[in-house]
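Coordinate analysis (summary)
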Amino acid sequence: MDEITKNLETHYNSIPVKIPYVTLRRFYDLLQYTFYRLPFSKQYKVISEICKIYNLKNKKILDIGSFTGYNSFYFACMRNNVTGIELSNKTEMAKLRYRLNKIKFIQDDVLHYIEKHPIDEFDFIFCSNLPIHYDTGDISTSKKAEIFFSEILSKMKSKAVF
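Now for a look at the structure at hand. Residue numbers restart at each chain and count upward from 1, following the sequence in its written direction. Confidence filtering applies because this is a predicted model: local features only for residues at pLDDT of at least 70, side-chain atom pairs given and counted only at 80 or more, and all residues used for totals across whole chains, interfaces and linings. Computation of side-chain values covers all heavy atoms of the structure but excludes hydrogens and water.

Among the secondary structure elements, threonine 91 is positioned in helix α5 (residues 90-97). On the basis of relative accessible area, threonine 91 is assigned to the buried category, the value being 0%. Each polar contact in these results corresponds to two N or O atoms within 3.5 Å; when the atoms are within protein, one needs to be able to donate a hydrogen and the other to accept it, and residues that are neighboring in sequence are counted only if both atoms are side-chain atoms. Side chain to side chain, threonine 91 and glutamine 107 meet in a polar contact 3.4 Å long. Under the DSSP-based scheme used, a helix requires at least four consecutive residues in state H or I and a strand at least two consecutive residues in state E, with every element numbered from the N terminus. Per-residue accessibility, obtained with a 1.4 Å probe over protein chains only, is compared with the maximum for each type, and a residue is labelled buried under 20%, exposed over 50%, and partly exposed between these values.

Here it is in structure tokens:
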């Protein structure tokens, strides 16, 4: 180690209250957490309107097809308890990106998740882009879509919004 590094380390260790090292990842998380309400964020405006219309504050929200977690993040910023379900491996990225926001991300098929866990605990079920994956014109995929929607509608809370 060179002399400057030794001096800095000695000085750091002599401080009575330990100051955490700030890495680029922590700095990014801090910026993201601080500036999540930037006015140019179109998706935030959409989620904000949804939260106003359905009075979503301190509610349990299920985000189906959460992908990298943007919508889950915006719902969580509105003081909601959010669970995101995604079939692809993008949940790992979402867990890493939004680890400060206490959002629960699950990598699983939605129908398998519904079989194992009750979804009647959720007040709001958000599904923005998932229906496009079922609209292929193929009869087998439209049957899957029918099963998907009927399963969710039959198992959700009576006053929940889908």
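From this point, things continue past the structure.
We define the nonpolar core as a collection of buried residues of types Ala, Val, Leu, Ile, Met, Phe, Trp, Tyr and Cys that are connected through side-chain atoms lying within 4.5 Å of one another. Counting 19 residues, the largest nonpolar core has Leu56, Phe75, Ile103 and Phe124 as its most contacted members. Elements supplying a minimum of two residues to this core: α3 (42-53), α4 (70-77) and β4 (124-127). When residues of this core are assigned to their parent elements, the largest contribution, five residues, is made by α4. Residues contacting isoleucine 103, with those up to four places away along its chain left out, are Ser72, Phe73, Ala76, Val82 and Tyr98. Among the nonpolar cores identified, the runner-up in size contains 16 residues, and Leu62, Ile85, Phe148 and Ala160 belong to it. In what follows, a contact means two residues having at least one pair of non-hydrogen atoms within 4.5 Å.

What follows covers the packing of aromatic side chains. Centre distance within 6.5 Å is the pairing criterion for rings of Phe, Tyr and Trp, where only the six-membered ring of Trp is used; planes under 30 degrees apart are then read as stacked, over 60 as edge-to-face, and the remainder as tilted. One pass over the full model with this rule turns up seven aromatic pairs. Arranged with centres 5.1 Å apart and planes meeting at 70°, the rings of phenylalanine 75 and phenylalanine 126 form a pair that is edge-to-face. Remark: phenylalanine 126 occurs in strand β4 and phenylalanine 75 occurs in helix α4; sequence separation between them is 51 residues. Across this residue pair, the class does not change: phenylalanine 75 and phenylalanine 126 are buried. Three or more aromatic residues joined by ring pairs form one cluster here, namely Tyr70, Phe73, Tyr74, Tyr98 and Phe105. Cation over ring: lysine 60 sits above phenylalanine 122, and NZ or CZ is 5.6 Å from the ring centre. Look at NZ for Lys and CZ for Arg. If either is within 6 Å of the ring centre and within 35 degrees of the ring normal, a charge sits over the ring.

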